[in-house]
Structures are given as structure tokens and as C-alpha cells.
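A closer look at the structure
So the chains spell out like this:
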Amino acid sequence: MSFVHEIDHGTPASASAATVKLIIDGHEVTVSAGTSIMRAAVEAGIQVPKLCATDSLEAFGSCRLCLVEIEGRAGTPASCTTPVAAGMVVSTQTERLKQVRKGVMELYISDHPLDCLTCAANGDCELQDMAGAVGLREVRYGYQGANHLGQAKDESNPYFAFDPSKCIVCSRCVRACEEVQGTFALTIQGRGFESKVSAGMAESFIASECVSCGACVQACPTATLIEKSVIEIGQPEHAVTTTCAYCGVGCNFKAEMRGEELVRMVPAKDGKANHGHSCVKGRFAWGYAHHRERILKPMIRETIDQPWREVSWDEAIGRVASEFRRLQQAHGKRAIGGITSSRCTNEETYLVQKLVRGGFGNNNVDTCARVCHSPTGYGLKATFGTSAGTQDFDSVEQADIVLVIGANPTDAHPVFASRLKKRLRQGAKLIVIDPRRIDLVRTPHIEAAFHLALRPGTNAAILNALAHTIVTECLVDEAFVRERCDLSTFEDWAAFVAEPCNSPETVGPLAGVPPETIRAAARLFATRGNGAIYYGLGVTEHSQGSTVVMAIANLAMATGNIGRPGVGVNPLRGQNNVQGSCDMGSFPHEFSGYRHVSDDGVRGTFEALWGRPLDAEPGLRIGNMLDAALDGSFKGLYVQGEDILQSDPDTHHVAEALAAMECVVVQDLFLNETAAYAHVFLPGSTFLEKDGTFTNAERRINRVRRVMTPKNGLADWEITLAIARAMRFDMHYDHPSQVMDEIARTTPTFAGVSYALLDREGSVQWPCNERAPTGTPVMHADGFVRGKGCFIVTEYVPTDEKVGPRFPLLLTTGRILSQYNVGAQTRRTANIVWHDEDVLEIHPHDAEDRGVRDGDWVRLDSRAGGTTLRARVTDRVAPGVVYTTFHHPGTQANVVTTDNSDWATNCPEYKVTAVQVAPSNGPSDWQRTYDAQALAHRRIAAAPAAE
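Residues numbered from 1 in each chain as written. Predicted model: local features only at pLDDT ≥ 70, side-chain atom pairs only at ≥ 80, totals over all residues. Heavy atoms only, no water.

**As for the overall build of the protein chain**
- If you tally the helices and strands in the protein chain, you get 29 helices and 36 strands.
- What you see for the protein chain is a C-alpha radius of gyration of 29 Å, in line with the 30 Å of a compact globule of 947 residues.
- For the protein chain, buried positions account for 62% of its 947 residues.
- The long-range share in the protein chain, meaning contacts at least 24 apart out of those at least 6 apart in sequence, stands at 73%.
- Of the roughly 34,200 Å² of accessible surface on the protein chain, a fraction of 50% belongs to carbon and sulfur atoms. (Helix = DSSP H or I, 4+ residues; strand = E, 2+ residues; numbered from the N terminus. Rg over C-alpha atoms; globule rule 2.2 N^0.38 Å. Buried < 20%, exposed > 50% of the residue type's maximum accessible area, 1.4 Å probe, protein only. Contact = heavy atoms within 4.5 Å. Areas by Shrake-Rupley, 256 points an atom, 1.4 Å probe, with all protein chains shown as cover.)

**Comments concerning the packing of aromatic side chains**
- Under the criterion given, the structure shown has 20 aromatic pairs.
- A centroid spacing of 6.2 Å and a plane angle of 40° characterise the contact between Phe160 and Phe284, whose relative ring orientation is tilted. Of this pair, Phe160 sits in strand β5 (residues 160-162) while Phe284 sits in helix α7 (residues 280-284); the two residues are 124 residues apart in sequence, bridging distant segments of the chain. Both residues of the pair, Phe160 and Phe284, belong to the buried class. (Phe/Tyr/Trp six-rings, centres within 6.5 Å; stacked < 30°, edge-to-face > 60°.)

**Focus: the side chain of Asn346**
- For Asn346, the location among the structural elements is in helix α9 (residues 346-360).
- A polar side-chain atom of Asn346 sits 2.9 Å from a polar atom in the side chain of Thr695.
- Those residues in contact with Asn346, other than ones at most four positions away along the chain, are Asn577, Gly580, Ser581, Met584, Thr693, Phe694, Thr695, Ile701 and Ile743. (Polar contact = N/O pair within 3.5 Å; in protein donor to acceptor, adjacent residues only side chain to side chain.)

**Considerations on the pairing of strand β35 (residues 881-885)**
- Summarising burial for β35: 5 of the 5 residues are buried, a large majority.
- Burial along β35 is two-sided: Val881, Tyr883 and Thr885 facing one way and Val882 and Thr884 facing the other are all buried.
- Summarising the sheet, strand β31 (residues 809-814) and β35 pair through 5 bridges and their orientation is parallel. For Leu810, the partnering residue across the bridge sits in β35 and is Val881.
- The sheet contact formed by strand β32 (residues 839-842) and β35 spans 3 bridges and is antiparallel. Looking at β35, one finds that Ile842 is bridged to Val882. (Pairing = 2+ DSSP bridges.)

**A short note on the sheet that holds strand β9 (residues 238-243)**
- Strand order across the open sheet formed by 3 strands is β9-β10-β11, with antiparallel pairing between neighbours. Every interior strand has two partners, whereas the edge strands, β9 and β11 (261-267), have only one. Taking the axes of each pair of neighbouring strands and ignoring which way they run, one obtains an average angle of 30° across the sheet.
- Two elements, β9 and strand β10 (residues 252-258), share 6 bridges in a ladder whose sense is antiparallel. Bridging across to β10, Val240 finds its partner in Ala255. (Axes fitted to C-alpha atoms, helices over the stretch in contact; angles between N-to-C directions.)

**A few points about the pairing of strand β16 (residues 401-405)**
- Within β16, 5 of the 5 residues are buried, leaving the element largely enclosed by the surrounding structure.
- Neither face of β16 is exposed, since Ile401, Leu403 and Ile405 on one face and Val402 and Val404 on the opposite face are all buried.
- Two strands pair when backbone bridges link them, and β16 and strand β21 (residues 531-535) are joined in this way by 5 bridges, in the parallel orientation. Each residue of the ladder has a partner; that of Ile401, found in β21, is Gly531.
- Here 5 bridges tie β16 to strand β17 (residues 429-433), and the two strands are oriented parallel to one another. What sits directly across from Val404, in β17, is Val432.

**Thoughts on the packing of α9 against helix α26 (residues 736-746)**
- Running from N to C, α9 and α26 cross one another at 65°; their axes reach a closest spacing of 9 Å. It follows from the interaxial angle that α9 and α26 lie roughly perpendicular. Two packed elements cross with a definite hand, and for α9 against α26 that hand is left-handed. Taking contact as the criterion, the partners of Asn346, Glu347, Tyr350, Leu351 and Lys354 in α9 are, on α26, Pro736, Val739, Met740, Glu742, Ile743 and Thr746. (Parallel < 35°, antiparallel > 145°, perpendicular 65-115°, else oblique. Left-handed = near helix turned anticlockwise from the far one by under 90°.)

**So, the environment of Asn147**
- Tracing the sequence through the fold places Asn147 in the loop between α3 (126-133) and β5.
- Linking Asn147 and Ser165, residues 18 residues apart in sequence, is a C-alpha distance of 8.8 Å.
- The contact partners of Asn147, leaving out residues within four places of it in the chain, are Asp111 and Phe193.
- A distance of 3.0 Å separates a polar side-chain atom of Asn147 from the backbone nitrogen of Leu149.

**Side note on the sheet that holds β31**
- Sheet architecture is closed into a barrel: 6 strands sit in the order β31-β35-β32-β34-β33-β36, paired in mixed fashion. Going across the sheet, the axis of each strand differs from the next one's by a mean of 45°, ignoring polarity.
- Relative to strand β36 (residues 913-919), strand β33 (residues 857-862) is paired through 5 bridges, and the arrangement is antiparallel. Across the sheet, Arg859 pairs through a bridge with Ala918, a residue of β36.

**Structural notes on the state of the cysteines**
- In the structure shown here, the tally under the stated rule is 0 disulfides.
- As a non-bridged cysteine, Cys244 has Cys251 as the owner of its nearest cysteine sulfur, 6.1 Å distant.
- The thiol sulfur of Cys501 is not disulfide-bonded, and the nearest other cysteine sulfur, from Cys474, lies at 19 Å. (Disulfide = S-S within 2.5 Å.)

**Quick notes on the side chain of Thr243**
- Mapped onto the fold, Thr243 is located in strand β9.
- A polar contact is formed between the side chain of Thr243 and the side chain of Asn252, at a distance of 3.1 Å.
- Among the polar contacts listed, one links the side chain of Thr243 to the backbone oxygen of Arg703, at a separation of 2.6 Å.
- Once residues lying within four places of it in the same chain are set aside, the contact partners of Thr243 are Gly250, Cys251, Asn252, Phe687, Phe694, Asn702, Arg703 and Val704.

**A closer look at the nonpolar core**
- By size, the foremost hydrophobic cluster in this structure holds 69 residues, and its most contacted members are Phe205 and Leu225.
- Counting residues per element, this core draws most heavily on helix α12 (residues 414-425), at 4 residues.
- Setting aside residues up to four positions removed in sequence, Phe205 forms contacts with Asp154, Ser156, Asn157, Phe160, Phe162, Leu186, Ala199, Cys210, Cys216 and Leu225.
- Of all hydrophobic cores here, the second largest spans 60 residues; its members include Val352, Cys372, Ile701 and Met740. (Core = buried A, V, L, I, M, F, W, Y, C linked by side-chain atoms within 4.5 Å.)

**Notes on the packing of helix α2 (residues 95-109) against α3**
- Between α2 and α3, whose axes approach to 10 Å, the crossing angle comes to 140°. For the crossing formed where α2 meets α3, the hand is left-handed. Packed against α2, whose contacting residues are Met105, Tyr108 and Ile109, the element α3 presents Leu127, Met130 and Ala131 at the interface.
- Classifying every residue of the contact of α2 with α3 by side-chain character gives 6 nonpolar, no polar and no charged. (Nonpolar A, V, L, I, M, F, W, Y, C, P; charged D, E, K, R; others polar.)

**Regarding the confidence of the model for the protein chain**
- Scored by pLDDT, the protein chain comes out at a mean of 93, with 97% of its residues at no less than 70.
- The low-confidence segment residues 941-947, where pLDDT is below 50, has 6 contacts with residues more than four positions distant or belonging to other chains. (pLDDT = per-residue confidence, 0-100.)

**Overview of helix α13 (residues 459-472)**
- Here α13 spans 20 Å end to end across 14 residues, near enough to the 20 Å set by a 1.5 Å rise per residue.
- Of all 14 residues in α13, 13 are buried; the element is thus mostly enclosed.
- A positive phi of about 60° marks Cys474, the residue just after α13. (Expected span 1.5 Å × (residues − 1).)

**Focus on unusual backbone geometry**
- Trp766 connects to Pro767 through a cis peptide bond whose omega is 5°.
- Relative to the elements of secondary structure, Pro767 occurs in the loop between β30 (763-765) and β31.
- Even without being a glycine, Asp25 presents a positive backbone phi close to 50°.
- Of note, Asp25 is situated in the loop between β1 (19-24) and β2 (27-32).
- Notably, Arg699 is not glycine yet its phi reads approximately 70°, a positive angle.
- Positionally, Arg699 belongs in the loop between β28 (692-695) and β29 (700-704).

Right, dumping it as C-alpha cells:
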């Protein structure tokens, strides 16, 4: 627990290693060269009045409050814009400065509402603080003349209000939008007395390009921009630092509280992944934690066509254990399994796989990473020797050329995207490989050097063509390859990519990209300097997902872009703990730390610790579990925090498999789609109600801290322990820190990790052990984990999913900024304002051929199934390609996707589905039925407990 207010140093810290000595108010001060006088004073404990300055933004020097006197210099320079100099003698408080500051403050207050006692910012208003700091006691000018007090409020944004009558035109909000977020949605309109903050072209905030990241709200020194939650609840009185439970960026937040009521989430300035920034989801979309549809009592039913019955925790846990034991006695120990959650903590995930292995006696455990980033683990382990990205996010600040392939950072990883955009504005170049024109291709103040708008399914071919150019034009970093890589594998790979079938001239027509564009992009990447590759699900969710990950690794090694800041291979993980769920041993063939279950030594370590013999045979993957359920050999499933019916492909197949099981246990916050086939529902806890850790996309282990009592009575880790005890496998822990201690004892890459270390350092990146006691920001600096880097031949094999007369278009899917994954959390917040339904993007030519207009209902059909949704006619997609999101269960985009999957990992091929689009009269029959059933589910959830 900490205080709400933090020290604001006024200006950013200097990165200089050189130091300077000066005198401030009679005190000798030593600071880094380049530090502002203001920051030097604050570091010495001397507060200088300020309004336009804050340490999250570059110095601006407009408010004229921070003036100082410098011995030997005329005038009163602004301390925020004046750097220190050796021997400088500074006075921050003189009679002259007092009068100037008081006069400046008098002007501010003369055009400001005098409603301090009833203002929502009372107690957290810098204008109020500065009036007191300069000793202002009266305003001589009166309030009768021209002023800005009558301006109307803008309350269009669901999360914050804009009151221009309280604006002092300090420009902090405008600068935050530019410097921190990089959206440029705000501006200062007019000049002189007419100057005012404007969103877009004098639009409302909701209608403008504002992305509701909250940077402007955080920067505002008055109540001009303020959270509606603060207006409603009041000022927070304490804060707890925790980690966001949305995407894989892993932003740290201060949960600011009144008692156990959350008032607001404020991004932590010392968060090592986000450095004080946030997005609309992490900053504002936490209301689902107390949504009326959240289930807070355990429920059971005999069959899935019966209504739910609320029961005690003891009865629910007893039912789970008795049913699972019955099924194993009748059908064998491999008849049941579990699925871990990438939304839950490392500790909770570790406990679920331990329950399956030690309590169920098999390795039938898998995770949602199977259907998103399992090819990352396979591909990077094969080439580099470890199943994770190579860099920290700070590394992007040293990149000279960035290749983004199959990712949409501005929507899916917006805080990282803001840092990337900042680097691009500084001069780095960008190559985008994506079938859709994502925002990064062209957005305010940045534009990609090349956009390779390839045909879905041709990633491997394009990467081979880039490599062909690099090899045949002698652009390989030969010194790096000779020193760091296996030469025999390099020679085989180089000979392969040099073949004519991999030339841009051959691949270009196949992929729909001009050959000269491929060659130019390859030359730029190989010769620009530090080259960094960032990729997402548009790489992994293909039948050649693992192949493409290895092709990316080949490209990085061939150009020497591994092992230092500014380079690397960087998977952008989708959910908050995808990396962690994999690290913790959630795959059926691996213990924690990616060690195979057949390894006698590794298995022996766990057997000795857990006191149970463990199975040496790999268990079933999610898809295998579903298939086994349909053939009658798999009967029971424990699903923690995942909605496989909505998120997994071929929805009809998933539903049939779930219906065939005799005991499905769902542990979640809401009655999700999978719960329609559950026999036991265990109410889960939110990230606000538990302790633990998440591991983000950069391998950063972040603390999650409980800020309120679990509304359901138990944290998720406690529920798993209760099931284990009932299964006669007693796992005893008093706190998640003890689980992490066990992880550290059994997992070499986590050997040095403890809660004490995380509390001291803030966070660390694995490997964290004796060799790297405070973690490893950049992997493979001195050599690859596997020894020498391994090049692997990545032959392009066309997907089995083919277009034809019946299904002539290719569907690809993705995410949108305001929503998250299957939408279970974000749909239950005000984020629904921005995206209340999934829509189908279709090119104007394809729409015209089908008689489809923008906003029309259309039928989307594939070989697997069909759904109905509205059309959005746009040239963001190429002719022959359509695109949709998958956030709304009423659309069920995965009704359409097929069971095609990656050859190595069974990661589904979500990104390539042959479809047809035709006009429709509205939602289909199954969608109308779904809407009725969803309403019934909500009524059941809200109903009182049965007597």
C-alpha cells in the first residue's frame, strides 16, 4: 500500500553519465549533465512552483511560475527549460520572484471558477496547490470582464469529462497526446485570449480521433479533464501497485482506492513496460469486476438442459472431485484433463498443471496458448533454444528499421505501439507485412516505408523471398553468422532460399505483392542498421505458423539482428499471461521451463517434491481432448478462465465434444459460452482480488497485488487447492509467494525469482538466476541458449484451405482497440460504446459485385458453417480478402473457421478461411436463438439461490 501522490520532478531525467555541481538556494547539488534546474531542485528537496511542467513530458516553459534567478544572468528564466551548468548559483525564492509568481497566479485565478469546495479535484488540483504555494490571497481584477467561465462541458466520453471553463491552457493534455500517445487528437485552437483545447476539428471527445488512453486526463493539472469515477466517488486515499490483466504488454498501474472501492487506475510512472502510459482497456475498463452479470456463488446441475442451482463451495468442490474420481474409475486415469488460463496468474496456472499431473495422474493439460502462440514456442526453441522473445520493450527505442508482420500493435498492444510510433517519428523506418492496411501503414506523423499487402496464407513465401534477396545480393552479416551460428545449417538454408522458386519474381504474383517492393524492403531491412522484428497472431495462426516463426528467426540471424538492444525477434503476446502460462508447464508434453515430461531427471525432481509418480507420456492437446470426447474416451474437463467454445475454431465441433462429456467444470467470472455445456460452475476472481504474478511478452515477471477482498469468497488459486484436496492430492500453500518459491526451486529460468526480489526491483525478466540475478533484458547477447543459432529450411507449403467458385474470398480475423479477446470483460464495460458488434470489412469491388452496401446485413459462409453480421465497405482490405473481429458471441466468428491447424503445434488456422459473402435480411436463426438463450442465462445468473 502506498500514498496516492508521487513526487513530480517537473521534467524528464537526463540520460547523461556526466555530472554537474551547482548551488541552489545555498545547497550544493550534484546532478546529471543536461538536467533542468527544476528537476535538480526537486531532487535536492526544493519545490519550485509549476503548472505546465510534469516529468512525463518534455519541458514547455509556458506557465511562467517556475521562474528562477541565476547569479550573473539577467532576467528570470524558466527553470524547466534551463539546463544546469557547472558552478551555477540559483535562487528559487526571492522577493522579485514572489511578486512575479503571485501576479501570474492572480491572472490564472481571475479566469477560473471559484468552486474549489465542490470541485471533484479538490485535494488533487495543482492550480489550487500553486495558489497556496505562491501565497495568493486576493484577486484584484474581478470577474466581470471577458472570461471563459460559461463554456459547456463535454461529457461525451464514457470515462472522463472535459470542462473547458477550468482549463488554464497549459497544453499538458495536448503534449501528452503527442509525446506519450502519439495520436495527435488534441490541439490548441485559436490565439491569445481565444486559445482553447480542442479535440480534433472542434469535435466532441467521443467523435474525435481520441483513443481514450487517459494520458490527457493524467496530465491535466486541474479538473478540466477528470475521471467520472472520481466525480462520483471522490478522491482516493491510498494506492496499491498491480499489473493490468489485459494484453501482453504488462502495464503496471496504481489502483487508487477508497477503502475497498476502486476509484481509478493510474499507470505507474516506474512501470518498466509502460513507463506511465496506458490504453483505454487498462486505464478505464475495469468495471466488469462488479458487473451485475458476474457470478459470485458456485452452481451445479445434473445435465446441461437443467437450470443451475446455487450451492456452497464445499458441495461444489465435492461434486467436482466425486465426478472426476468416478470417471477415472470407469474409463481410466486419462479420461479427464484440464485447461489453464492465460488470464490467470503464473501461480494459479502452475497449480492447475500440478493438479492435473499429480492429482489426475496424467498429462492432459493444455492452455489457450495452443490456439495463439504455440508456434512461437516451437519455432524459437528450434532456432534459438528458448521459447520466448529476445528483447525488452525499451529496445525499440534503439531500432533503426522495424519489421511488423502479422500484428496490429495500435489495436492489440497500444502502449507498445505508442513507443514504436515515437521511435518512427524520430526517424526509424518501418516495413509492414499484413493483408490489411493497419493504422501503422499511415497514421499522423508516421508512414511505413513499405506495406507488403500479401495474400493470407503466404507469409512463408514472402519471408523466403526477402531472404532470397538478402542472400543473392550478398547482404548477409557474414561475421555474425560465422561466429554465432551453425554454418552447416546456414549453408543449407542459404542454398534453399537462393533457389529461383523463392525469388521475389516467383513469389510476388503468388502473394499479390510486386517483386520490386519485396526486393526494396529486403534491402532496407538488411542495410538500415539495427533491425527489429515484431509479430503477432497473423504469423502463428496459420497452417505454417511454426514454419514462419522459424523463417523470422532465420532472417534475424542472417542479418545479425540478435543479441543487442534495438534488434531481435519479438512475439507480441495476445493475453496478459500467455508467456507465463507456457512457462509454467501448461503444455501436455512439458513441465515448467519447457522440459519434456519424458526426461527422467526432470520428472524425478517433481516426483520427489510432489510425492507422486508422474506419467512420462505426453497428454492430450485441446483438440485431442475434443476428438477423444467424441470417440467416448475423454469424459471430464476442468477449464480455468477460458472460453473454448467462443475462442477455439470450428465452434460446432467444440460444442459437440463438450456435449459428449459427462462432467465439464468451468471456473470463470461470467456464464461464458463454454458454461452452456458445464455441469459445475465455479465463480472466479478478478486480478483485483488476488496476489500473484503475470509474465508479459518481454518475459517480464510483474507482481499482481490484491486490492480488495474476493467478491466470490476465494481467489482462483484457492479454488484449485480445494479441488486438489478433495481429489486426495493435498497441495498446501498459505500464500501465492510460496507457489513462486516452488516454481523457483523447480524451474532453472526462474531460480532467482521471489516476491522479495520483485518487490525490490519492481519486475525482472527471466532468465533470472545466479548468472543473471536481476534478470535478462536482452537474450542471446553472448551466444544462443542452444549454443549455435540453427537455420532451418522453411519451405512454403500452400494451405489446404483453397478458394473456389463456391467460396471465392479469404477471411482473416483480428482485434480492435476497445475490445479484448472474446470480450467477456470489455463487453461488460463502457468500451461497448466504441464497438458494440463485430462487422465484416469488405473491399468496394467485392461489395459491388455482391450488391452489398455499407451497413448492410450480410451472410458469411464457409465449409465449416455460417453467421450473419453487418458489412463495412472499405479499401483497408484488398480485393478478395474480408476481415472481422471475434469479440462478440452473438456473431461467433469461429462458427466459420475450420479445423485446419499448424503442422507442428495444432495452432488453428484462424487467419485463412475460404468464404462467400451474400446479402442477408438480418441475424440468422441460430443467432436469434442465441440471443434468447443468452438472456435466459443472464436471468438465471441474477436469480436468487434455490431453497
